[in-house]
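The residues making up each chain are set out below.
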Amino acid sequence: STVTSVTSGSAHEDNEFFVAPADDGLAVGGDLQAPLPVAVTSFGAVEAGGATYVFGGYAGRPHEYNRDGQSPSLWRLADGEWSEVARLSHGLQGSPLVEVDSTPCRLGGTRIDNAPGEDLSMHSVADVACFTGGEWQDSPALPAPRSSFDAARVGSKVCVAGGWALDGAASGEW
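Residues numbered from 1 in each chain as written. Predicted model: local features only at pLDDT ≥ 70, side-chain atom pairs only at ≥ 80, totals over all residues. Heavy atoms only, no water.

### Some details on the state of the cysteines
Argument step 1. One pass over the structure, following the stated rule, counts 1 disulfide.
Argument step 2. At a sulfur-sulfur separation of 2.0 Å, the disulfide partner of C105 is C130. As the torsion about the S-S bond is roughly 105 degrees, the C105-C130 disulfide counts as right-handed. Of this pair, C105 sits in strand β8 (residues 103–107) while C130 sits in strand β11 (residues 128–132), and the two are 25 residues apart along the sequence. A single burial state applies to C105 and to C130, both of which are buried. (Disulfide = S-S within 2.5 Å. Helix = DSSP H or I, 4+ residues; strand = E, 2+ residues; numbered from the N terminus. Buried < 20%, exposed > 50% of the residue type's maximum accessible area, 1.4 Å probe, protein only.)

In structure tokens:
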């Protein structure tokens, strides 16, 4: 079996916040894939069309959120190599990916508007888009903004569960 590794202690020495310990006590078998070029938390990941995709996430200081720490990138792992295949104009985190018709689709997520040192301004979004033809194609939005939830394709439907709606600095609505 193959285990896809999205973090590695040696690959992320430039990021002091999300470095895997050298000996974390986990036993992992199989062949490890190349580590993701950036260390992020709160990302979406899915296998689609024979490749692994990772989208968005946060790489800043934990719980000190600002837009500079968010990733706008969609990464694709194919043939053992990662490549950045798309970028949004802004970062998102807490945005799950699901596979639909062999393509990765992102749902919702949290957009951070504040710069470092400014008052917190986090907003859940209702956007849904699928990566088709080398770019994000908009799909019908979620019924309401949602972030930090999970999603799965079940048959021909995409099911979502959990999460909350953030609007600015408030604690959000579960």
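Still more to cover.
### Examining the pairing of strand β5 (residues 73–78)
Argument step 1. Here β5 lies mainly inside the structure; 5 of its 6 residues are buried.
Argument step 2. Pairing between strand β4 (residues 51–55) and β5: 4 bridges, direction antiparallel. By the bridge assignment, F55 is partnered in β5 with L74.
Argument step 3. Of the strand pairs in this sheet, β5 and strand β6 (residues 81–87) are connected by 6 bridges, and their pairing is antiparallel. Note that in β6 the partner of W75 across the bridge is E84.
Argument step 4. Taking the residues between adjacent antiparallel strands as the criterion, β5 and β6 are bridged by 2 residues, where D79 takes a positive phi near 55 degrees. (Pairing = 2+ DSSP bridges.)

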